[in-house]
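One letter stands for each residue in the lines below.
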Amino acid sequence: MFDVIGNKEKCPCGSGDIVENCCGKTEMPGTNTVQEELRKVLNSYYETSLSPAEIQSLEGLLKDWAGRLGEWMEEEELVTNVSDYYFFIVRKDLWRRHLVKALNRTQNRAVRAILRSWQNAFITFAEVMKADKDVYHMKEILGEGEYLLAREAGEPEDVRAVIAIVLEEMRNEERWVMPISAIAVNGHMSDELLTRVQKLAETSEEKNSFDFFKKHLVDIYEVVCKLDVQTLSDVVEQNFTPLQRQVVEILDAQLEKEELYPGAYEMLLSLMAYYFTDQDPKFRKPEVLAAAAFQLAVDTNMMPNTYTQAEVGKLFGVSVSSFRKHTDILLEKIEELEKMMAEGKQDSAYHIGTHPLPSEQMNWQVHMLTQKHNFDSFEEAQAYIQEAIQQPFEPENQQQEAQMLCYMAYNAETIEQRHDFAVGAYGADPTNVDALLLQTELTDSKDEQEKFFKQAIFSGEKQFDSRAEDVWKFAPNRPYLRSLMQYGVWLYEQDRFVEASEIFLRLLSLDLFDHQSARYLAISSLIHSGEIDQATQVLEACVDVSKEDAAYWYLSWLVEMERAQGKSSERALELFAKAEQLNPHVSKLMEMAVEKMHYPKSVALTPGSHEEAHYIYYLL
């Protein structure tokens, strides 16, 4: 739901100029620096790694919410809501710490102005006082606050209230909020919801709205879910014709014998309501439409049981030909909704690079602080960590001092500072993996650089702990995984593709979840070294986690072209068309034969962006 600072808005720095002529000025049409920087700050926060105690706390919340809301919310929606609640409300301290680091890394006045206001993350229950084309005018229901909320294209007309986790955003003395997650409430349920929330507030002991919503958000979500079902029933009763209500009654009678997955029934009723009102289907037997809806549930895996079309027809006493056309129309509507959701997800950035994420240092410090303690309970561990991380970290030995200096080098603002920290780290512990990696930046000799890379890998391998299911989550493992990544990229950029592919495949065998996006470098290296069959195997192995990535389809196209020895087959044209849909800028770079970038040290890429196109072009 990221909607921050359009090109034609007044710049938040207060200059009076519009963004594209001020702090957002960029050479790329349709983009602005302010929005891109803010997007990176927000998306990088979701990459924050948690300590074992924090993971346990988050899992406890998820279990609790699943018990309350699992009947209505699908797993992905539930996980998203719990994660947003945890990261921005329960652990508001993590968010503010993240913002402090972001403020230290930027000098853009507009970005700094927004980041300072973003420190206020809160939950709001607000009424829509006025709805313009692009903005809602909101007023808090349990308070006096008023603010503006961007209205996205395609949002329904009957939104009466919003429950949302938001960030405050001051734009030229206007108070806006940016939603992290939100539930829109329509007129059918707004009055009843308002009554219930106000009653809950009257009996609550919390002294301010932040604490009230922090404690009772799951209660409010549960009310919304129950009212949503009730509202659907009201819609059926009040808006359906007698014949249409018969369809629902016949469908309900059959579905009572089935075990539907969470949210499936509500989805079915919503689709039927759409079909009746938007399509106005002609039918005489209600069993026909009931069979069509039941077949839709089967086709879209809304329940564990499966039926053939003939079996569905027999259940409802109708022919397959009579109901199948209705099912197909409903399926088209689902595909349309899924396409809209996929387009909405394209804004979420992903990280690539050879350097550690800012969150790694905190994870490492927590590990160092807790490794010598035996806690009797989760609460005891959590209390200790909460207190300890508020204090400056004091290294206990040369090894810890070296690693601390390495993180300071990675986060240094100037080349001189980076050099000084790197030298200090190597002096404190010449076997430290990151200290060795940083030494490669202090020499121009390729032989010296390779020597340091190999020493880093040798040292890291001795310290590597492979017992964890996800080795990346164990912070002390990351320097070794990073050493393989950096050496692989170094080999790749020396055109030593055979050796590079061996390193990247070794990395993928260790980091099964591929947290460093090494798979595309592995595939590219294999293609460049002529190992087309092996490149194909890696592509097939990662299809499930990569099929939404433009890089995946461009590399698949390149493999097909290599197989055809440069001749464009029908399959190659199909792959290239799919790739261009996901990022249309790559072909322009290919036509212009622009100079390729070096692999980035750390960057968040937005799918479909010009920046992502340069990364893909690097792989090709």
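Residues numbered from 1 in each chain as written. Predicted model: local features only at pLDDT ≥ 70, side-chain atom pairs only at ≥ 80, totals over all residues. Heavy atoms only, no water.

1. Some points on empty space enclosed by the protein
- Scanning the model with the defined rule gives four cavities of 30 Å³ or more in all.
- Estimates place the volume of the largest cavity at around 220 Å³.
- Around the largest cavity, the lining comprises 17 residues; the ones closest to its centre are T48, H98, K101, P358 and S359.
- Taken together, the elements giving at least two residues each to the lining of the largest cavity come down to α1 (33-45), α4 (92-105) and α13 (359-370).
- For the lining of the largest cavity, the class distribution of residues is six nonpolar, seven polar and four charged. (1 Å grid on protein atoms, 1.4 Å probe; cavity = no way out; pocket = protein on both sides within 12 Å on 5 of 7 lines; lining within 4 Å. Points joined across faces, edges and corners; volume = space filled by probe spheres on them. Helix = DSSP H or I, 4+ residues; strand = E, 2+ residues; numbered from the N terminus. Nonpolar A, V, L, I, M, F, W, Y, C, P; charged D, E, K, R; others polar.)

2. Examining helix α18 (residues 446-463)
- Here α18 is 18 residues long and its end C-alpha atoms lie 26 Å apart, about the 26 Å a rise of 1.5 Å per residue gives.
- Considered for burial, the residues of α18 that qualify are Q449, E450, F452, F453, A456, I457, S459 and G460.
- Those residues of α18 hidden inside the fold are in contact with α16 (415-428), α17 (433-439), α19 (478-493) and α20 (497-510). (Expected span 1.5 Å × (residues − 1). Buried < 20%, exposed > 50% of the residue type's maximum accessible area, 1.4 Å probe, protein only. Contact = heavy atoms within 4.5 Å.)

3. A short note on the environment of Y274
- Within the element layout of this structure, Y274 appears in helix α9 (residues 264-279).
- Given the relative accessible area of 19%, Y274 is considered buried.
- Expressed as a C-alpha distance, the spacing of Y274 and Q309, which sit 35 residues apart in the sequence, is 23 Å.
- Beyond its immediate chain neighbours, meaning those up to four positions away, Y274 contacts Q279 and K333.

4. Concerning the side chain of Q400
- On the secondary structure map, Q400 appears in helix α15 (residues 398-410).
- A polar side-chain atom of Q400 sits 3.0 Å from the main-chain amide nitrogen of E396.
- With residues near it in sequence (within four places) discarded, Q400 still touches W364, M368, Q371, F393, E394 and P395. (Polar contact = N/O pair within 3.5 Å; in protein donor to acceptor, adjacent residues only side chain to side chain.)

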